[in-house]
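Fold and contact review
These are the residues of each chain, in order.
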Amino acid sequence: MVESVLKMDVWVGDFSVREADVWVIGVYQGGEPQAALSRCGEAVEREVRRILKAGWMRGESGEMLMLPVPGSSGVAVERILLAGMGKRESLTLESFRALGASVVKACEKGSVDRAIVLVSLDTHQEIAPIAVMECMAEGGWLGSYRYDRLQSVSKKDLPRHRVKRLEFALPGEQDKNGRKRLSRVEQIITGVNMARDLANTPGNLLTPDILAKKAKELAERLPIKTTVLSSAVLAQKGMNGILAVGQGSTNPPCLIVMEYRKGGDRPTLAVVGKAVTFDSGGISLKPGAKMEEMKFDMSGGAAVFGFMHAIAEMQLPLNVVGIVPAAENMPSGTAQRPGDVIKTAKGVYVEVINTDAEGRLILADALHHAASFDPDVIIDLATLTGACVIALGGHATALLGNNEPLQKQLKKAGDRCGERVWPLPMFPEYQEQIKSVVADIKNVGGREAGTITAACFLSRFVEESRAWAHLDIAGTAYDMTGTRPHMPKGSVGIGVRLLCQYALSERM
Ligand code: BES
Ligand code: ZN
Ligand code: ZN
């Protein structure tokens, strides 16, 4: 198990005897403290109420106030952290993730080593204390992630303070499986952070070959079998979609397959993730502005890596095949041209109208390859279209496919874990837009309904009888705003929590 720097624990009972620097108490908007305050002793309660009454802290979400405890109060901690939670009526699971991250941040700022969060029963009628604990822990781990391995020594001279322990004191009779649920959260976030590390790595340091090496390393540590199809093998198998995208780069493409089979005779899930390690657009070159963000164009593949890691750590009884087509999309004398026609592994001829619509070309071969494992369900994840960013922005992943029940399951999983998905239709009429004059289909469908026509293209490489869902994560894969406390700037690691939640609740 990869261990987090930040340790967490949970228990029920008297927290006043536990060694800690800080007790964390929630405050609702308007300055009303959580009921847990009454468990802190009279002196502390009086002081906190005095300060809240004076209006020093209003309880807005994200607002944090660290207070010294009066020396005479005789309690085991020196400080109290009042954590603003916002309006009581509008609290959601997601607000507790943000709260967990803000608490950890405030503790870092105050050089706190150990903090105890006093979880109250009065948070919300529908959110159980155990769920509050889970979400705050998740937010704490998500928010304390940093991608700082490329920063020079000089910046490390001023190391940031790292919180060592965050503990949750639950009100009576609430600890059922608390520890187990915490360690599950930790295993999932380890997968998320692995996906983030991969996606945050710049294109020069993460080529298809390097990604393949990482998949082999996974297989050394975990019960995963990795197979890498080199470009020579891809040529034998007629996987010209992947080869065409990679042919303009000096870094050759490959197809990575990771198998985890601990599910006995249960159904098989195939997860397919687009991994364009850098998408310049190729000959249909992208404009320069924000082109550096195209290092994130392998986020679908990164999600597959993180998911495989998490389920293997959790030793879930599942059968999963992870399939990651990897290529670098570059312009050069050997690059594919607009107008080229390629024969995909399935035998479908594709006219390449725009070399920047490369994701669907590599996914065409990967989805076809997925069928050879006879999966019961196929889920693909891809930063596929700019149109998706226009349609949904960063607040939801687009969901398309051929199977209503599967879409319902993913919707439910997304709502629970905070990685929301939202459906778009795939009416047959949209297929008209990708008809080609010279080949079977073309790789762009015009300006209208770009996310849908991209999914229509993919649908040509999936058998209709197989349950398939396509997740367009172009808008959700990375967040450069830094506005959510649990999402540091850069890769979100999107998809890992969604797939884990789906796998855990559906027990594939
Ligand atoms: N990787 C991009 C999609 C993308 C855009 C991801 C913005 C994340 C943020 C994809 O390969 C692409 O370039 N798609 C084109 C397709 C078009 C040429 C039909 C697009 O969306 O513009
Ligand atoms: Zn592109
Ligand atoms: Zn792309």
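What you are looking at is a predicted structure, and each value in this text was computed from that prediction instead of being measured.

1. Some words on the coordination of the zinc ion (ligand 2)
When a metal carries six donors in an octahedron, the ideal angles between them are 90 or 180 degrees, while four donors in a tetrahedron ideally lie at 109.5 degrees. Those donors, Asp279 (OD), Asp356 (O), Asp356 (OD) and Glu358 (OE), are the protein atoms that reach the zinc ion (ligand 2), and they lie 2.0 to 2.2 Å from it. All donors of the zinc ion (ligand 2) belong to a single chain; written as a sequence motif, their spacing is D-x76-D-x1-E. Between the zinc ion (ligand 2) and the zinc ion (ligand 3), the interatomic distance is 3.2 Å, and Asp279 donates to each metal, bridging them. Assessed through its relative accessible area of 0%, Glu358 is described here as buried.

2. Details of the coordination of the zinc ion (ligand 3)
At 2.0 to 2.4 Å from the zinc ion (ligand 3) lie its protein donor atoms, namely Lys274 (NZ), Asp279 (OD), Asp297 (OD) and Glu358 (OE). Around the zinc ion (ligand 3) sit six donor atoms, and with donor-metal-donor angles ranging over 77 to 174° the site reads as octahedral. In primary sequence terms, the donor set of the zinc ion (ligand 3) follows K-x4-D-x17-D-x60-E.

3. Focus on the pattern of salt bridges
Side-chain pairing between opposite charges can occur once the charged atoms of the two side chains come close. Within this structure, the stated rule accounts for 31 salt bridges. The partner of Arg50 in a salt bridge is Glu47, and the shortest N-O contact between them spans 3.2 Å. Linking Arg50 with Glu47, this pair stays in helix 1 (residues 42-53), spanning three residues, or about one helical turn. Given the relative accessible area of 46%, Arg50 is considered partly exposed. Of the residues examined, Glu47 reaches a relative accessible area of 23% and is grouped as partly exposed. The network of salt bridges with shared partners includes Asp9, Arg18, Arg114, Arg165, Glu167 and Arg179.

4. Points about helix 2 (residues 93-109)
Taking 1.5 Å as the rise per residue, helix 2 with 17 residues should run 24 Å; its terminal C-alpha atoms sit 25 Å apart, in good agreement. Of all 17 residues making up helix 2, 12 are buried, and the element is well covered by its neighbours. When helix 2 is considered as a whole, its buried residues turn out to be Phe96, Arg97, Ala98, Leu99, Gly100, Ala101, Ser102, Val103, Val104, Ala106, Cys107 and Glu108. Among the residues trailing helix 2, Ser111 stands out with phi positive, at a value near 50°.

5. Focus on the domain arrangement of the chain
For the chain, the domain assignment lists domain 1 (7-156 + 163-170) and domain 2 (190-506). Relative placement of domain 1 and domain 2: their C-alpha centres are 38 Å apart. If you look at the interface, domain 1 gives 19 residues, while domain 2 gives 16 residues. Counting the surface domain 1 buries against domain 2, the share from its top three residues, Leu142, Tyr145 and Tyr147, is 42%. The interface formed by domain 1 and domain 2 includes three salt bridges. Here Arg149 makes a salt bridge to Asp197, at a shortest N to O gap of 3.0 Å. Along the contact surface separating domain 1 from domain 2 lie 11 residue pairs in polar contact (both at pLDDT 80 or more).

6. Digging into helix 10 (residues 359-371)
With 13 residues, helix 10 extends 18 Å from end C-alpha to end C-alpha; this agrees with the ideal 18 Å at 1.5 Å per step. Across the 13 residues of helix 10, 12 count as buried, placing the element largely inside the fold. Within helix 10 the residues assigned to the buried category are Gly359, Arg360, Leu361, Ile362, Leu363, Ala364, Asp365, Ala366, Leu367, His369, Ala370 and Ala371.

7. Considerations on the site of ligand 1
In the vicinity of ligand 1 there are 17 residues, among which Lys286, Asp297, Asp356, Glu358 and Gly386 approach most closely. Asp297 places a side-chain nitrogen or oxygen 2.8 Å from a nitrogen atom of ligand 1. Asp356 places a polar side-chain atom, nitrogen or oxygen, 2.8 Å from an oxygen atom of ligand 1. Against a free-state accessible area of 520 Å², the protein chains account for coverage of 78% of ligand 1.

8. Quick word on the nonpolar core
The tendency in soluble globular proteins is for nonpolar side chains to be buried as a group. With 102 residues, the main nonpolar core has Phe168, Ile256, Met258, Phe305 and Ile379 as its most contacted residues. The dominant element in this core, judged by the number of residues it contributes, is helix 9 (residues 299-314), at 10 residues. Both domains that meet at this core, namely domain 1 (7-156 + 163-170) and domain 2 (190-506), each give it at least three residues. Non-local contacts of Ile379, meaning those with residues more than four positions away in its chain, are made with Leu269, Ala270, Val271, Val272, Leu410, Ala469, Leu471, Leu499 and Tyr502. Residues Ala270, Ala364, Val462 and Ala474 belong to the second largest nonpolar core, which totals 44 residues.

9. Focus on the pairing of strand 2 (residues 22-28)
Counting buried positions along strand 2 gives seven out of seven residues, so the element sits mostly inside the fold. Here strand 2 shows a buried face lined by Val22, Val24, Gly26 and Tyr28 and a second buried face lined by Trp23, Ile25 and Val27. Two strands pair when backbone bridges link them, and strand 2 and strand 5 (residues 79-86) are joined in this way by seven bridges, in the parallel orientation. Across the sheet, Tyr28 pairs through a bridge with Gly86, a residue of strand 5.

What counts and how
Residues numbered from 1 in each chain as written. Chains lettered and ligands numbered in written order. Predicted model: local features only at pLDDT ≥ 70, side-chain atom pairs only at ≥ 80, totals over all residues. Heavy atoms only, no water. Donors = N, O, S within 2.8 Å, 3.2 Å for Na, K, Ca; no water. Buried < 20%, exposed > 50% of the residue type's maximum accessible area, 1.4 Å probe, protein only. Tetrahedral: all angles 85-135°; square planar, octahedral: opposite > 155°, others 65-115°. Salt bridge = Lys/Arg side-chain N within 4 Å of Asp/Glu carboxyl O. Helix = DSSP H or I, 4+ residues; strand = E, 2+ residues; numbered from the N terminus. Expected span 1.5 Å × (residues − 1). Domains from an automatic or database assignment. Contact = heavy atoms within 4.5 Å. Buried area = accessible area lost by both parts, 1.4 Å probe. Polar contact = N/O pair within 3.5 Å; in protein donor to acceptor, adjacent residues only side chain to side chain. Near = heavy atom within 4 Å. Areas by Shrake-Rupley, 256 points an atom, 1.4 Å probe, with all protein chains shown as cover. Core = buried A, V, L, I, M, F, W, Y, C linked by side-chain atoms within 4.5 Å. Pairing = 2+ DSSP bridges.

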